[in-house]
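Here are the chains, one letter per residue:
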Amino acid sequence: MKIPLRQYWKLLVNYLKPQWKQVLLMSVLLLTSIGLQLANPQILRYFLDTALSKGSLDKMIWAGLLFLGLAVITQALGLWATYTSQNVGWSATNALRNDLAAHCMRLDMPFHNTHTPGVLIERIDGDVTALANFFSEFVIRVLGNFILLVGVLILLFLEDWRVGLALTLFSIFAIYVMNRLRDMAVPRSKIEREANATLYGFLEERMAGMEDLRANGGRSYTMRRFFSIMRDFFFKTRRAYMMYTLLWTIINGLFTFGYVLTLGLGAYLYVAGVVSLGTAYLFFQYTEMMRTPLEQMTRQIQDLQKASAGILRVQELFNMQPQVRDGAGKALPSGPLSVEFDRVSFGYNREELILDDVNLRLEPGKVLGLLGRTGSGKTTISRLLFRLYDIQQGQLKLGDVSIADTHLADLRRRVGMVTQEVQLFHASVRDNLTFFDGSIEDGRTLEVLREIGLWEWYQALPEGLDSLLPAGGSGLSAGEAQLLAFARLFLENPGLVVLDEASSRLDPATERLIENAVDKLLQNRTGLIIAHRLATVQRADDIMILENGRVVEYGPRVLLAADPNSRFYHLLQVGLEETLV
């Protein structure tokens, strides 16, 4: 569970280097504050000794004013330092969140299939939030408090070597104890964070499936599982905080011993006439000042323990690398793309193939109707075309270029897809259509809305393209959502279009609008239509039928429809929906 110091240092350098000016300012403020703290007890001693010796009242007044002035300045510097450190900490953690979120988005689908959105939210936000203090003031506070501690001990040695030696030994013992306790809470803190992530993941999944849970009577089971997860979270959190409490108890015991030691030595030396009452009080003041750096160092160690668990979990995510590697950058040709599967085999795991020795050649500008029962591999083919997964055997080409040789970003710009489920964001209509691409002009967007039949819908929007759409597209009809998805493809202008039964749940009037949009979209583009319904594949040039991951029939649609011995002919006779469900 121990983390090498170089790992802490690397993280600090990466995210504090861009803010070096703020870090420098924070360092100057803290160190200046430390110097002023060391000076104030000296003023108090002077005030007490002057009062006991019935010295000048003016000197006492000036000493009091100087003491108050330094105290105010010290507080002001502390406030400024706190503001600066918090600004540094949140800037660093926001940068880390950004990097971690971008890294997770680059990871492959197997990762996202095993990590729910709720878990990832907790990992990216919760774990990183635990690092805020680590970034903002850990090094500066620890270094500053160490300097303050050393300064106090030096001044005590200058006053009396016996007091200086006693409190130096006490400080060494206290630091030794805290160092031994450094890693005690890390394992339990990591377990606590994991339990928290599990809780968030459970809540996210159940909230997303609320309709199905209520409709199918899953409420009681869900609440039972919720209580079980909450119970586990409670006990793991309690164990972690008991460890923190143990650390505080030990430190408080050490401070009690330190006070007794100082008061005993101060009383002994005062009675013996070695020191004045002001100097004896000075010993107590410096001992009290030692409590602050030791407490803050302890707090920083506790924060480091929490941060260590966060760093471990963050590092685990960063260490996960995508299996799908970006290609060398070979460009895909412009215009319609040919599609070629050459003896392609693929499985989501090594033991079970979803596609087995699939061969396919679709010429540019042609449309393929892909048929097969549920689980036959149709959707898998679309995922492979986007290179969400890499094939295990064979070769997959678009435009006679292996997709493994292209940049992933270029590949996914040249391949577009519309499915039954349309993802809409809580953003403006413009951003939903352009996917936040500011280079697309509004004129082109409006032209597309006219072309696909959404102009009347657009004119009813209160703020035009600036109108906000609700998350998930609530308030939109299924047809409007589908047409918006088609508009995205028109603006993207891909060379290959994949349609995964995009009109299967629409009423006849809306379906006619969708069909018109499909006709326009497939003009001068290659098309792949994954279908369960007869009408959908009537525009296809070729038909491919999959069964258990293998191609059982492939050829021109017209010829297959006229061949009584073909499977496609049989499907046309008995009804496509009934046969393929």
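A brief look at the structure comes next. (Residues numbered from 1 in each chain as written. Predicted model: local features only at pLDDT ≥ 70, side-chain atom pairs only at ≥ 80, totals over all residues. Heavy atoms only, no water.)

With that out of the way, let us pick up the overall build of the chain. A count of helices and strands for the chain gives 21 helices and ten strands. For the chain, with 581 residues in total, the buried portion stands at 47%. For the chain, long-range pairs separated by at least 24 residues make up 78% of all intrachain contacts whose partners lie at least 6 apart in sequence. Of the roughly 29700 Å² of accessible surface on the chain, 58% is carried by carbon and sulfur atoms. (Helix = DSSP H or I, 4+ residues; strand = E, 2+ residues; numbered from the N terminus. Buried < 20%, exposed > 50% of the residue type's maximum accessible area, 1.4 Å probe, protein only. Contact = heavy atoms within 4.5 Å. Areas by Shrake-Rupley, 256 points an atom, 1.4 Å probe, with all protein chains shown as cover.)

Glancing now at helix α15 (residues 442-452). Of all the residues in α15, the buried ones are T445, V448, L449 and I452. Mapping the buried residues of α15 onto a view down its axis gives an arc of 100°, with all of them on the same face. Of the residues one or two after α15, G453 is the one with positive phi, at around 95°. (Arc of directions from axis to C-beta.)

When its volume is computed, the largest pocket comes out at roughly 2000 Å³. Forming the boundary of the largest pocket are 45 residues, of which F386, L388, R412, M417 and F435 lie nearest the centre. Put simply, the parts of the chain that give the lining of the largest pocket at least two residues each are α3 (57-106), α4 (109-114), α12 (378-385), α13 (408-414), β6 (415-419), α14 (429-434) and α17 (478-492). The residue makeup of the lining of the largest pocket, split by class, is 22 nonpolar, nine polar and 14 charged. The space that makes up the second largest pocket amounts to roughly 570 Å³. As for the second largest pocket, its lining consists of 26 residues, of which S33, Q37, T74, Q75 and T292 are closest to the centre. Only α2 (20-52), α3, α6 (132-159) and α11 (277-319) provide two or more residues apiece to the lining of the second largest pocket. (1 Å grid on protein atoms, 1.4 Å probe; cavity = no way out; pocket = protein on both sides within 12 Å on 5 of 7 lines; lining within 4 Å. Points joined across faces, edges and corners; volume = space filled by probe spheres on them. Nonpolar A, V, L, I, M, F, W, Y, C, P; charged D, E, K, R; others polar.)

On to the pairing of strand β3 (residues 367-372), then. Among the six residues that make up β3, six are buried, leaving the element largely enclosed by the rest of the structure. The two faces of β3 match: V367, G369 and L371 on one face and L368, L370 and G372 on the other face are all buried. Summarising the sheet, β3 and strand β8 (residues 526-530) pair through four bridges and their orientation is parallel. Along β8, the bridge assignment pairs L370 with I530. Relative to strand β9 (residues 542-547), β3 runs parallel, the two sharing five bridges. Residue L368 lies in a different strand from β9, and its bridge partner there is D542. (Pairing = 2+ DSSP bridges.)

Quick look at the sheet that holds strand β2 (residues 355-362) now. Taken together, four strands build an open sheet; the order of strands is β2-β1-β4-β5 and the sheet is antiparallel. A strand with exactly one partner marks an edge of an open sheet, and here the two such strands are β2 and β5 (401-402). Relative to strand β4 (residues 393-398), strand β1 (residues 339-346) runs antiparallel, the two sharing five bridges. Directly across from F341, in β4, lies its bridge partner L396. Sitting on the sheet, α12 is in contact with β1, β2 and β4, with an inclination near 115° to β1. (Axes fitted to C-alpha atoms, helices over the stretch in contact; angles between N-to-C directions.)

It is worth spelling out the nonpolar core at this point. L371, W457, L484, F486, L499 and I543 are the most contacted members of the largest nonpolar core, which has 43 residues in total. Considering every element that reaches this core, the biggest residue donor is α17, with nine residues. Discounting chain neighbours no more than four positions away, the residues touching L484 are L424, L433, L454, W457, L469 and L476. Within the second largest apolar cluster, 29 residues are counted, among which are L355, L360, L370 and L396. (Core = buried A, V, L, I, M, F, W, Y, C linked by side-chain atoms within 4.5 Å.)

In this section: the packing of α2 against α3. Close contact between α2 and α3 brings their axes to 8 Å; oriented N to C, the two are set at 160°. When the axes of α2 and α3 are compared, the pair comes out roughly antiparallel. Handedness of the crossing formed by α2 with α3: left-handed. Residue classes in the contact of α2 with α3 are distributed as 23 nonpolar, eleven polar and one charged. (Parallel < 35°, antiparallel > 145°, perpendicular 65-115°, else oblique. Left-handed = near helix turned anticlockwise from the far one by under 90°.)

Burial runs high along strand β7 (residues 496-500): five of the five residues are buried. Residues L496, V498 and D500 line one face of β7 and the alternating positions V497 and L499 line the opposite face, and both faces are buried. For β6 and β7, the ladder comprises five bridges, and the chain directions are parallel. Looking across to β7, one finds that T419 is bridged to D500.

Considering all chains together, one arrives at nine aromatic pairs under this definition. Judged by centre distance (5.2 Å) and plane angle (65°), the ring pair of F234 and F235 falls under edge-to-face. Overall, F235 belongs to the partly exposed group, its relative accessible area being 24%. In textbook terms, an aromatic cluster arises when at least three aromatic residues are bridged by ring pairs, as seen for F346, Y348 and Y389. Sitting above the plane of the W455 ring, R450 keeps its charged end 3.7 Å from the centroid. (Phe/Tyr/Trp six-rings, centres within 6.5 Å; stacked < 30°, edge-to-face > 60°. Lys NZ or Arg CZ within 6 Å of the ring centre and 35° of its normal.)

Our next topic: the side chain of S402. Within the fold, S402 resides in strand β5. For S402, a relative accessible area of 13% corresponds to the buried category. Dropping the residues within four chain positions of it, S402 is found in contact with Q395, L396 and K397.

If you trace the six strands from one edge of the open sheet to the other, you get β6-β7-β8-β3-β9-β10, paired in mixed fashion. Each having just a single partner strand, β6 and β10 (550-556) make up the two edges of the open sheet. Neighbour-to-neighbour, the strand axes of the sheet open up by a mean angle of 15°, direction not taken into account. Where α17 meets the sheet, its contacts fall on β6 and β7, and the angle it forms with β6 comes to roughly 175°. Helix α20 (residues 567-574) contacts β3, β9 and β10 of the sheet and is inclined by roughly 90° relative to β9.

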